[in-house]
Amino acid sequence: MKRATRVLLLRHAETAAPELFHGAESDIGLGERGREQALAVARALAELGPAALYCSAMRRAVETSAVIGRVCGLEPRLVESLHERRMGPFSGQSRDEGREAYDEAKRRWMAGELEHTHAGGESYAEIRRRTVGPFTALARRHPGETIAVVAHGVVIRVLLTTLLEGYGPAQFGAIAIPNAGINDLRHEAERWRAERLAMPE
């Protein structure tokens with residue numbers, strides 16, 4: 001019987017400025033705590049034996065993947081389309097400054113208004129259009145194998161609420177996105193299921 005592909009989807013480790021919003025426009029690296037998280041998750045992933053490692057091309061994802069790659073003996077491969085949500089004027093600003101716009105978008109996405117966004121920002125529908133195809137292609141490339149994919153919080157929420165059976169945009173806020181948290185997924189016969197989702201910090 002054909003085995004399902006195991007996809008270990010995780011958010012990058014903590015940035016050097018976690019108090020700020022970091023959209024696609026803010027290419028910040030990891031802080032000290034983030035480097036510790038990256039090493040811890042790398043050791044956990046090594047026990048699961050991934051055959052390939054993919055990541056967003058953004059610095060925080062690349063640095064997380066570099067640690068994972070060293071521990072797991074893998075060369076990270078970049079997937080440009082998995083970058084973080086474009087946040088426009090709020091990228092790099094304090095969370096207090098961007099919170100109202102983000103919460104409004106989340107509320108309206110969960111209500112089904114998937115094209116909604118603030119000026120300069122990216123909508124749920126736009127994120128879905130650029131990420132679902134490339135992400136699914138990674139699973140198809142490795143039938144029956146285990147792969148790891150390092151992406152970003154909002155991207156992970158969009159992917160999971162689009163792909164998993166029993167989920168939809170209404171569950172967007174219920175998906176936990178802790179730094180370096182692993183979502184253990186299976187892809188088989190063009191269907192996705194979750195063995196285990198990341199838990200809140």
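As shown above, the structure is provided for reference.
Criteria and cut-off values
Residues numbered from 1 in each chain as written. Predicted model: local features only at pLDDT ≥ 70, side-chain atom pairs only at ≥ 80, totals over all residues. Heavy atoms only, no water. Helix = DSSP H or I, 4+ residues; strand = E, 2+ residues; numbered from the N terminus. Buried < 20%, exposed > 50% of the residue type's maximum accessible area, 1.4 Å probe, protein only. Contact = heavy atoms within 4.5 Å. Axes fitted to C-alpha atoms, helices over the stretch in contact; angles between N-to-C directions. Parallel < 35°, antiparallel > 145°, perpendicular 65-115°, else oblique. Salt bridge = Lys/Arg side-chain N within 4 Å of Asp/Glu carboxyl O. Expected span 1.5 Å × (residues − 1). Arc of directions from axis to C-beta. Pairing = 2+ DSSP bridges.

A. Here's a closer look at the environment of Val132. Structurally, Val132 is set in helix H4 (residues 124–141). Classification of Val132 by relative accessible area gives buried; the value is 17%. Through-space distance from the C-alpha of Val132 to that of Val150 is 14 Å; in sequence the pair is 18 residues apart. Setting aside its immediate chain neighbours within four residues, Val132 contacts Leu159, Thr162 and Leu163.

B. Just the packing of H4 against helix H5 (residues 153–163), in detail. Put simply, H4 and H5 touch, their axes get as near as 9 Å, and they point 75° apart. On the basis of their axis angle, the class for H4 and H5 is roughly perpendicular. Counting all contacts with H4, which are made through Tyr124, Ile127, Arg128, Arg130, Thr131, Val132, Phe135 and Thr136, the residues of H5 involved are Val154, Val155, Val158, Leu159, Thr161, Thr162 and Leu163.

C. Quick look at the pattern of salt bridges. Scanning all chains against the criterion turns up 14 salt bridges. The shortest N-O distance in the salt bridge between Arg108 and Glu104 comes to 3.5 Å. Placement of the pair is Arg108 and Glu104 together in helix H3 (residues 95–110), with a separation of four residues, close to one helical turn. Notably, a salt bridge pairs Glu195 with Arg193, separated by 2.2 Å at the nearest N-O pair. Judged by relative accessible area, which is 45%, Glu195 ranks as partly exposed. Overall, the relative accessible area of 40% leaves Arg193 in the partly exposed class. Each member of the salt-bridge network shares a partner with another, and the members are Glu104, Arg107, Arg108 and Glu113.

D. Helix H1 (residues 32–46), seen in detail. In this model, H1 (15 residues) spans 21 Å end to end at C-alpha, consistent with the 21 Å of a helix rising 1.5 Å per residue. Three or more residues of H1 are buried, namely Gly34, Gln37, Ala38, Val41, Ala42 and Leu45. The buried side chains of H1 occupy one side of the element, clustering within an arc of 135° when seen end-on. In this structure, H1 carries Glu32, Glu36 and Arg43 as exposed residues pointing more than 90 degrees from its buried face. Those residues of H1 hidden inside the fold are in contact with strand E1 (5–11), helix H2 (59–72), strand E4 (146–151) and strand E5 (182–188).

E. Spatial organisation of the side chain of Thr146. Along the chain, Thr146 turns up in strand E4. Note on Thr146: relative accessible area 10%, which makes it buried.

F. View of H2. The end-to-end C-alpha distance of H2 is 19 Å, a good match for the 20 Å that 14 residues give at a rise of 1.5 Å each. For H2, the complete set of buried residues consists of Arg60, Ala61, Thr64, Ser65, Val67, Ile68, Gly69 and Cys72. In this structure, the buried side of H2 is in contact with E1, H1, strand E2 (52–55) and E4. Positive phi shows up at Gly73, right after H2, with a value of about 70°.

G. Inspection of the sheet that holds E2 at higher detail. As summarised here, the arrangement of the six strands in space is E3-E2-E4-E1-E5-E6, forming an open sheet in which the pairing is mixed. Since the sheet does not close on itself, it has two edges, and those belong to strand E3 (77–78) and strand E6 (191–196), each with one partner. Across two bridges, the pairing between E2 and E3 is parallel. Looking at E3, one finds that Tyr54 is bridged to Arg77. The sheet strands contacting H2 are E1, E2, E3 and E4, and the helix crosses E2 at an angle near 165°.

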